[in-house]
Structures are given as C-alpha cells and as structure tokens.
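Reading the structure
If you want the building blocks of each chain, they are given just below.
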Amino acid sequence: MRRQFTGWPEQAMDVLWQLQGEPTHATRERYRADRERLVRQPMIALLNEVADTDPRYEDFAVWHYRTDSWWWQHQSAVIRLGRKIEIGLRFSLDGLRIQGAWWYPDPGQVDMFRKAVASEGSGRELSAIVEDVRKKGYDISGDVMKRPPRGYPTDHSRTKLLRHRSLIAARPLGCEEWLHTPEVVDRVLSAAADLDALLMWLVRHVKRAA
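The text that follows walks through the structure, step by step, so that each part is easy to find. (Residues numbered from 1 in each chain as written. Predicted model: local features only at pLDDT ≥ 70, side-chain atom pairs only at ≥ 80, totals over all residues. Heavy atoms only, no water.)

1. What about the overall build of the protein chain?
Defined as follows: Each helix is a run of H or I in the DSSP string that is no shorter than four residues. Each strand is a run of E no shorter than two, and both are numbered from the N terminus. Under the scheme applied here, a residue whose accessible area is under 20% of the maximum for its type counts as buried, over 50% as exposed, and between as partly exposed, the area being computed with a 1.4 Å probe on protein chains only. By definition in these notes, contact holds between two residues if any of their heavy atoms fall within 4.5 Å. Note on areas: these come from Shrake-Rupley sampling with a 1.4 Å probe, and a residue is covered only by the protein chains present in the view. Positive charge is attributed to Lys and Arg, negative charge to Asp and Glu, and no charge count is given to His or to the chain ends. To locate a charge, take atom NZ for lysine, CZ for arginine, CG for aspartate or CD for glutamate.
Broken down by element type, the protein chain carries 7 helices and 6 strands. Taking the principal axes of the C-alpha coordinates as reference, the protein chain spans close to 55 × 40 × 35 Å. Counting the 210 residues in the protein chain, one finds 46% classified as buried. In the protein chain, the proportion of contacts linking residues at least 24 apart, taken out of those at least 6 apart, comes to 66%. When the accessible surface of the protein chain is split by element, carbon and sulfur atoms take 49% of a total near 11,000 Å². Averaging the positions of the 33 positive and the 29 negative side-chain charges in the protein chain gives two centres separated by 8 Å.

2. Observations concerning the environment of W17
Residue placement: W17 occurs in helix 1 (residues 10-18). By relative accessible area, which is 54% here, W17 ends up exposed.

3. Observations concerning the sheet that holds strand 5 (residues 139-141)
Strand pairing in a sheet takes place through backbone hydrogen bonds and is either antiparallel or parallel in direction. Quick note on the threshold: When DSSP finds two or more bridges between a pair of strands, those strands are recorded as paired. Comment: axis = line fitted to C-alpha atoms, over the contacting stretch for helices; angle = value between 0 and 180 degrees taken between N-to-C directions.
Spatial strand order, 1-2-3-4-6-5: 6 strands in an open sheet with antiparallel pairing. Where the open sheet ends on each side, the last strands, each with one partner, are strand 1 (60-62) and strand 5. With strand direction ignored, the average angle separating the axes of adjacent strands in the sheet is 15 degrees. Bridge count between strand 4 (residues 95-102) and strand 6 (residues 167-174): 7 bridges; the pairing is antiparallel. Along strand 6, the bridge assignment pairs G100 with A169.

4. Notes on unusual backbone geometry
A positive phi is found at K84, a non-glycine position, where the angle reads about 65 degrees. Here K84 shows up in the loop between strand 2 (75-82) and strand 3 (85-92). For Y104, which is not glycine, the phi torsion reads 45 degrees and is therefore positive. For Y104, the position within the fold is in the loop between strand 4 and helix 4 (109-118). The exposure class of Y104 is exposed, given its relative accessible area of 60%.

5. Concerning the side chain of D54
Going by this rule: Polar contacts here mean pairs of N or O atoms no more than 3.5 Å apart (in protein, one a potential hydrogen donor and the other a potential acceptor; neighbouring residues in sequence count only if both atoms are side-chain atoms).
The topology assignment puts D54 in the loop between helix 2 (25-53) and strand 1. Polar contacts involving the side chain of D54 include one to the main-chain amide nitrogen of R56, which spans 2.9 Å.

6. Section: the pattern of salt bridges
The cut-off we apply is this: The working definition used for a salt bridge is a side-chain nitrogen of Lys or Arg within 4 Å of a carboxyl oxygen of Asp or Glu.
All told, the structure shown has 17 salt bridges when counted by the stated rule. Linking R32 and E29 is a salt bridge whose minimum nitrogen-to-oxygen distance equals 2.7 Å. Taken together, the positions of R32 and E29, both in helix 2 and 3 residues apart, correspond to about one turn of that helix. When the shortest N-O distance is used, the salt bridge between R165 and D143 registers 3.3 Å. Of this pair, R165 sits in the loop between helix 6 (159-162) and strand 6 while D143 sits in the loop between strand 5 and helix 6, placing them 22 residues apart in sequence. In this structure, a network of salt bridges that share partners links the residues D132, K136, R171 and D194.

7. Considering the packing of helix 4 against helix 7 (residues 183-205)
Applicable threshold: Angles below 35 degrees are treated as roughly parallel, those above 145 as roughly antiparallel, those between 65 and 115 as roughly perpendicular, and all remaining angles as oblique. By convention, the crossing between two helices is left-handed when the near helix turns anticlockwise from the far helix through less than a right angle, and right-handed when the turn is clockwise.
As a packed pair, helix 4 and helix 7 sit with axes 9 Å apart at the nearest point and diverge in direction by 110 degrees. Regarding the angle of helix 4 to helix 7, the classification is roughly perpendicular. As for how helix 4 packs across helix 7, the hand of that crossing is right-handed. Contacts between helix 4 and helix 7 involve M112, F113, A116 and V117 from the first element and W201, L202 and H205 from the second.

8. Looking at the packing of aromatic side chains
How two aromatic rings sit relative to each other is given by the distance of their centres and the angle of their planes. Put simply, the rule reads: Each pair of aromatic rings taken from Phe, Tyr and Trp, with Trp reduced to its six-membered ring, is defined by centres within 6.5 Å and is described as stacked if the planes are under 30 degrees apart, edge-to-face if over 60, and tilted in the remaining cases.
Scanning all chains against the criterion turns up 7 aromatic pairs. When the centroid spacing of 4.1 Å and the interplanar angle of 0 degrees are considered together, the rings of W8 and F91 count as stacked. Linking W8 in the segment before helix 1 with F91 in strand 3, this pair joins segments that are 83 residues apart in sequence. Grouping residues by exposure puts W8 and F91 together as buried. Ring centres of W103 and Y104 lie 5.1 Å apart, and the angle between their planes is 40 degrees; on these two criteria the pair is classed as tilted. Here W103 falls in the partly exposed class, since its relative accessible area comes to 23%. Each member of the aromatic cluster is reached from another via a ring pair, and the members are F5, W8 and F91.

The structure is reproduced here in structure tokens:
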C-alpha cells in the first residue's frame, strides 16, 4: 500500500525561493540540508511509488545539485525505459514538469530512427502517435535539422519527423495545491500513460547501435 510519498511540503517552495538567482556558496550551504529533506527526498519517494506501479519504471535516478545554481533551483529526475529513452521529471518554483524524450543518441541511433520513420508502417504509426500527444497538450521538440537528411526525398510525407535527431514531448503538470498531496503520484502516472505509446515506439525502433 503506497503512502511513502505525501507530496512536497509547502516549505519546499520556501527553500527554492531562497535559492533563486545566483545564491552564494554560504547561502547554498545554509539551505543544503533543508533542500535535501524537503525537495530531493520527496522526489525519491515519488519515483519509488511510481516504480511500484510498473516494473518498467524501476530504473530511475534523482539528480544531486552539482555546482551550477540551476541545479539547486530545479530538482530533476529520470526514469530510463531504453537506451537514451526516458521520462524526465522536474520540480521547481514553476511546479512539476514532465517530458518523454529520446535524446543525446548513441552513434547509429539516428539512422535507426530515420529508417523507422521512412517505413510506411512504423512511420505512419509514429506520425499518428506524435499528433495524439500534441493534442493532449505536449510541446514536441528536439534537435531538428534545417533540411531533410541525405538519402531521403525532400518531399517525403514525414519529412518533419525525418529531420529530427532527437524527439521530446513535454508539458507542465501545474503548480497547484495538489503538489503538496499524494495526488502527485496519480498525475504523474496519468502523464506517463499519455507518453507511453511514443516511448514504446522509440524503445522498439531506436535500439542501441551495435
């Protein structure tokens, strides 16, 4: 029975507020323990509960703060579903954000992606999936070439997808009172379901290059 995650405490926002801008080293050290307890640990609890719902979500990482101030102001985490294919979560003063991404590809993965996009069956499937995700409010982005790749016709019906060297679908989940409650788990799982068809297509067709 899940309940280890009860939401981010309201004080988590107070901590992040103190870390805005370019906080000094002294300020970071003053809030380090509070940030760990109120911001990062709840993210770990959330990801553990999400992992309990589906074995595919068990490989996850919750980032530390590093040296750049951005990392102190944004608590990021990823759930790895395949090689360079993941669900990303980010908690900040703006609330919670989710994305499904295939990015920073291994050598050969871009060629695999293009071949699958160009193929009628898998290409039409991806095109329909991307359009469905877009209609659900997700922004579609990635590393996109200005021109179609060599070896593919410039008038290909899926030329926009062929130009992608990475593919990301992202949207904010909000910054309302539910962030401080267990409801976060259900909202994350609902968004993960939105992204499932896209991510599973990528897992099937963009394998690790040999």
